[in-house]
Amino acid sequence: MKRSAKIVIYVILALCVLFAVGLVLGANYMFTYALDSQFGGGVDTRRYEALPGSVEEWLIQNSFLESLESHDGLNLKASFLPAATETNKYVLLVHGYMSGPLSMAPYAQHYHQLGWNVLLPHHRAHGESEGRYIGMGWLEHLDMLGWLSSLLEKSPDAEIVMHGVSMGAATTMIVTGSAQLPANVKVAIADCGYSTVTKEFTHQLKDLFGLPPFPLIPATSLVTKIKAKYFFSQVDCTAAVSQSKTPTLFIHGDADSFVPFEMLEEVYQAAACSKDKLVVAGAGHADSRETEPEVYWEKVDSFVTQFME
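## Side note on the overall build of the protein
And step 1. Looking only at helices and strands, the protein features 11 helices and 8 strands.
And step 2. Taking all contacts inside the protein whose residues are at least 6 apart in sequence as the whole, residues at least 24 apart take part in 75%.
And step 3. Summed over all atoms, the accessible surface of the protein reaches about 14,400 Å², with 57% contributed by carbon and sulfur.

Shown next, in the form of structure tokens:
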């Protein structure tokens, strides 16, 4: 072989090695940035502030912590707010990514004023729960099934609504598509959830860095499987709701640029259950309740009462 041909081959091999190393480093960076709670975006999800007289302070003062061991041995926590008078009505409030149960305090107050019991799980790697890696709805849906099982041990006749926002909405949708879903879950509210995590990360990768999804997202999915034990393909809310029999209200703000508004139609059209949707004009991500509170709660309450005994 001529010397010039060997040089070309060595250069190509070197470039391939550099590409592979760069891809591994990039995938690890993306995983760390997005899914490792110790480093992701510099956000400490365990810190929460409640101003005096705020609805967050009200929630802290009137709720108490419950514990649950996850399927993989984590000590999970949930804030439980009992109803003023005994009832079998429960709402499971599912908070979003890099957020916490206090972000759901206004939702908790609304349901509590209706006379319901309120359970607010702290997602793994959030709030008071143990854990390091965020599951984008997959690991969390397993945790929610655990909380539902625990709740039903104490109240076998419970009638339950699941109400999730953002990643909490994705978690809720995945739960409704699970074969393990108890019949006690009568209604689901999915507020601004993504259709699949692959599409959501593709959107974020383009929006934040101007990069295409291939090959970084498949590589990051592999890193996620190795470290956090799930592939991105498992976080598929569209597929989940296509298997769901739980009546579901889908909500989205038409000004949402974080979880693209068009994802609403993807999950809504795929849903095989009884369903309805609410589009809130001018609302950004997770802002529908704040943008149009009367419209929001009128729609939610009306939908829930259709399916609760």
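## Describing the sheet that holds strand 2 (residues 75-81)
Within a sheet, adjacent strands bond to each other through the backbone by hydrogen bonds, running parallel or antiparallel.
And step 1. Reading across the sheet, the 8 strands line up as 1-2-4-3-5-6-7-8 and stay open at both edges, with mixed pairing between neighbours. Edge positions in the open sheet fall to strand 1 (64-69) and strand 8 (275-280), since each of these has one partner strand only. Strand-to-strand twist in this sheet, taken as the mean axis angle between neighbours without regard to direction, amounts to 20°.
And step 2. Alignment of strand 5 (residues 159-165) against strand 6 (residues 185-191), held across 6 bridges, turns out to be parallel. If you follow glycine 164 over to strand 6, its bridge partner there is alanine 190.
And step 3. The strands touched by helix 5 (residues 167-176) are strand 3 (89-94), strand 5, strand 6 and strand 7 (248-253); relative to strand 5, the strand with the most contacts, the crossing angle is about 140°.

## With respect to the packing of helix 2 (residues 55-62) against helix 3 (residues 105-113)
And step 1. Packing of helix 2 against helix 3 brings their axes to within 8 Å, and their N-to-C directions diverge by 65°. Relative to helix 3, the crossing made by helix 2 is left-handed. Of the residues in helix 3, those touching helix 2 at Val55, Glu56, Trp58 and Leu59 are Ala105, Pro106, Ala108, Gln109 and His112.
And step 2. The residue inventory of the contact of helix 2 with helix 3, partitioned by class, reads 6 nonpolar, 2 polar and 1 charged.

## Notes on the packing of aromatic side chains
And step 1. For the structure on display, the rule yields 12 aromatic pairs.
And step 2. Their ring planes at 65° and their centres at 5.1 Å tell us that phenylalanine 201 and phenylalanine 232 sit as a pair that is edge-to-face. In this pair, phenylalanine 201 sits in helix 6 (residues 197-209) while phenylalanine 232 sits in the loop between helix 7 (216-228) and helix 8 (237-242), placing the two residues 31 residues apart along the sequence. We note that phenylalanine 201, like phenylalanine 232, is buried.
And step 3. These aromatic residues form a ring-pair network of at least three members: Tyr107, Tyr111, Trp116, Tyr296 and Trp297.

## Some points on the pairing of strand 1
And step 1. Where strand 1 and strand 2 come together, 6 bridges link them in antiparallel fashion. Bridged to glutamate 66 within strand 2 is alanine 78.
And step 2. Hairpin geometry of strand 1 and strand 2 is characterised by an intervening segment of 5 residues between the two adjacent antiparallel strands and by a positive phi of about 85° at glycine 73.

## Let's talk about the packing of helix 3 against helix 11 (residues 293-307)
And step 1. As a packed pair, helix 3 and helix 11 sit with axes 13 Å apart at the nearest point and diverge in direction by 55°. Between helix 3 and helix 11, the crossing angle belongs to the class labelled oblique. The interaxial crossing formed by helix 3 with helix 11 has right-handed handedness. Here Pro106, Tyr107, His110 and Tyr111 of helix 3 come into contact with helix 11, specifically with Tyr296, Trp297, Val300 and Asp301.
And step 2. Taken together, the residues of the contact of helix 3 with helix 11 sort by class into 6 nonpolar, 1 polar and 1 charged.

## Section: the pattern of salt bridges
And step 1. According to the stated counting rule, one finds 8 salt bridges in the structure shown.
And step 2. Glutamate 159 serves as the salt-bridge partner of lysine 89, at 3.6 Å between the closest nitrogen and oxygen. One end of the pair, lysine 89, is in strand 3; the other, glutamate 159, is in strand 5, and 70 residues separate them in sequence. Each member of the pair lysine 89 and glutamate 159 is classed as buried.
And step 3. Of the charged contacts, one joins glutamate 265 and lysine 277 as a salt bridge, the two residues approaching to 2.8 Å between their closest N and O atoms. With a gap of 12 residues between them, glutamate 265 in helix 9 (residues 262-270) and lysine 277 in strand 8 connect regions that are remote in the sequence.

## Observations concerning the side chain of histidine 95
And step 1. Structurally, histidine 95 can be placed in the loop between strand 3 and helix 3.
And step 2. A relative accessible area of 0% places histidine 95 in the buried class.
And step 3. The contact partners of histidine 95, leaving out residues within four places of it in the chain, are Gly100, Pro101, Ser103, Met104, Pro121, His122, His123, His126, Val165, Met167 and Gly168.

## Quick look at the confidence of the model for the protein
And step 1. Overall, the prediction assigns the protein a mean pLDDT of 91, with 90% of residues at 70 or greater.
And step 2. Between residues 41-47, whose pLDDT stays under 50, and residues either more than four places distant or in other chains, the model counts 13 contacts.

## Quick notes on the nonpolar core
Most often, soluble globular proteins keep nonpolar side chains buried together rather than apart.
And step 1. Residues Leu35, Met136, Tyr194, Phe201, Tyr230 and Phe250 are the most contacted members of the largest nonpolar core, which totals 39 residues.
And step 2. Contributing elements (two or more residues each) for this core: helix 1 (3-35), helix 5, helix 6, helix 7, helix 8 and helix 9.
And step 3. With residues near it in sequence (within four places) discarded, tyrosine 194 still touches Met136, Gly137, Met167, Ala170, Met173, Glu200, Val235, Cys237, Val259, Met263 and Val267.
And step 4. Val161, Val165, Val300 and Val304 belong to the second-largest nonpolar core, a separate cluster that totals 29 residues.

Conventions adopted
- Residues numbered from 1 in each chain as written.
- Predicted model: local features only at pLDDT ≥ 70, side-chain atom pairs only at ≥ 80, totals over all residues.
- Heavy atoms only, no water.
- Helix = DSSP H or I, 4+ residues; strand = E, 2+ residues; numbered from the N terminus.
- Contact = heavy atoms within 4.5 Å.
- Areas by Shrake-Rupley, 256 points an atom, 1.4 Å probe, with all protein chains shown as cover.
- Pairing = 2+ DSSP bridges.
- Axes fitted to C-alpha atoms, helices over the stretch in contact; angles between N-to-C directions.
- Left-handed = near helix turned anticlockwise from the far one by under 90°.
- Nonpolar A, V, L, I, M, F, W, Y, C, P; charged D, E, K, R; others polar.
- Phe/Tyr/Trp six-rings, centres within 6.5 Å; stacked < 30°, edge-to-face > 60°.
- Buried < 20%, exposed > 50% of the residue type's maximum accessible area, 1.4 Å probe, protein only.
- Parallel < 35°, antiparallel > 145°, perpendicular 65-115°, else oblique.
- Salt bridge = Lys/Arg side-chain N within 4 Å of Asp/Glu carboxyl O.
- pLDDT = per-residue confidence, 0-100.
- Core = buried A, V, L, I, M, F, W, Y, C linked by side-chain atoms within 4.5 Å.

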